[in-house]
Amino acid sequence: NSLLVGVVATNQPRKDWALAMATCAEMLKQGQDVLVWCHTDTLRSHWDIVSLVQDFGLLNRVLVTNPPVNDEDMAQLYSACDVTLGIGLGEGWGLPLSESIACGTSVVHGNYGGGAEFIQSEHLVSPVAYRIEGQFNCLRPVFSSEDWAESVNLCKGETPVVPDYIKWENAWVEWEKWFRG
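Just so you know, these numbers come straight off a predicted model, no measurement behind them. (Residues numbered from 1 in each chain as written. Predicted model: local features only at pLDDT ≥ 70, side-chain atom pairs only at ≥ 80, totals over all residues. Heavy atoms only, no water.)

Student: Break down the sheet that holds strand E2 (residues 34-39) for me, citing the residues and quoting the values.
Tutor: Read from one edge to the other, the open sheet built from six strands follows the order E3-E2-E1-E4-E5-E6, with strand pairing classed as parallel. At either margin of the open sheet sits one strand with a lone partner, and together these are strand E3 (62-65) and strand E6 (124-125). Pairing between strand E5 (residues 107-110) and E6: two bridges, direction parallel. Counted as the bridge partner of glycine 110 is valine 125 from E6. In the packing of helix H1 (residues 17-29) onto the sheet, the strands contacted are strand E1 (3-8), E2 and strand E4 (83-86), and the crossing angle to E2 comes to about 165°. Of the strands in this sheet, E1, E4 and E5 are in contact with helix H4 (residues 95-102), which crosses E5 at around 155°. (Pairing = 2+ DSSP bridges. Helix = DSSP H or I, 4+ residues; strand = E, 2+ residues; numbered from the N terminus. Contact = heavy atoms within 4.5 Å. Axes fitted to C-alpha atoms, helices over the stretch in contact; angles between N-to-C directions.)

Student: Describe a nonpolar patch on the surface, and please don't skip the residues or the numbers.
Tutor: On the surface, a cluster of nonpolar side chains totalling about 670 Å² of accessible area is made up of Trp168, Trp172, Trp175, Trp178 and Phe179. The residue tryptophan 175 is located in helix H6 (residues 168-180) in this model. (Patch = residues over 30% accessible without salt bridge, like charges linked within 9 Å, V, L, I, M, F, W, Y side chains within 5 Å. Areas by Shrake-Rupley, 256 points an atom, 1.4 Å probe, with all protein chains shown as cover. Salt bridge = Lys/Arg side-chain N within 4 Å of Asp/Glu carboxyl O.)

Student: Summarise the packing of aromatic side chains; cite the residues concerned and give the values.
Tutor: Under the counting rule described, the total for this entry stands at six aromatic pairs. Look at tryptophan 93 and phenylalanine 118: their rings are 4.3 Å apart centre to centre, the planes differ by 15°, and that puts the pair in the stacked class. Of this pair, tryptophan 93 sits in the loop between E4 and H4 while phenylalanine 118 sits in the loop between E5 and E6, placing them 25 residues apart in sequence. A relative accessible area of 39% means that tryptophan 93 is categorised as partly exposed. Residues tryptophan 175 and tryptophan 178 carry aromatic rings whose centres are separated by 4.9 Å and whose planes lie at 65° to one another, so their mutual orientation is edge-to-face. With a gap of three residues between them, tryptophan 175 and tryptophan 178 both fall in helix H6, about one helical turn apart. Its relative accessible area of 39% is what places tryptophan 175 among the partly exposed residues. Overall, tryptophan 178 belongs to the exposed group, its relative accessible area being 59%. (Phe/Tyr/Trp six-rings, centres within 6.5 Å; stacked < 30°, edge-to-face > 60°. Buried < 20%, exposed > 50% of the residue type's maximum accessible area, 1.4 Å probe, protein only.)

Student: How would you summarise the pairing of E4 if you had to cite specific residues and measurements?
Tutor: The alternating pattern of E4 places Val83 and Leu85 on one face and Thr84 and Gly86 on the opposite face, and all of these are buried. One ladder, built from two bridges, connects E1 with E4; its direction is parallel. Paired with glycine 6 across the strands is threonine 84, a residue of E4. As paired strands, E4 and E5 are joined by three bridges and run parallel to one another. Bridge pairing in E5 links glycine 86 to histidine 109. Read from E4 through H4 to E5, the crossover connection turns out right-handed. (Right-handed = clockwise from strand over helix to strand, strands pointing away.)

In structure tokens form, the structure reads like this:
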């Protein structure tokens, strides 16, 4: 009866691991029995994921997997989730987003970056502010964990809608033109 929240992301600055843990902590505070599956390259790099788990009161509620995990096992893990969190702060396609949808699991994502173009609009969370990051002055969104928790509550367990242009029978037409060109 637990709510299983998945997060698949590398451990780098443009992935907001603190937001993921704060969102899960918010849902726990609301009385939900939250479990978290984290799939990442390393627990300690830009973020100390172990410290985040401790700081947000999620001890004994987190399962971590690291690559390599075969495709079949990843599909089963995605499929077991009630929802996944797309914690990228400005990227292109975002493979974990489409992988989750392909496995029938809805994604909550920020309304920013490439993922916002194919995630259902009701599953997008608007930024509350923006900040400048790094030596190249990258514009990064800032989100409220309460807003993310609200979005999770609205879409958990729902079957995601796959946009028509992503479905292979439609995408292949454009892909083939590009490939042959």
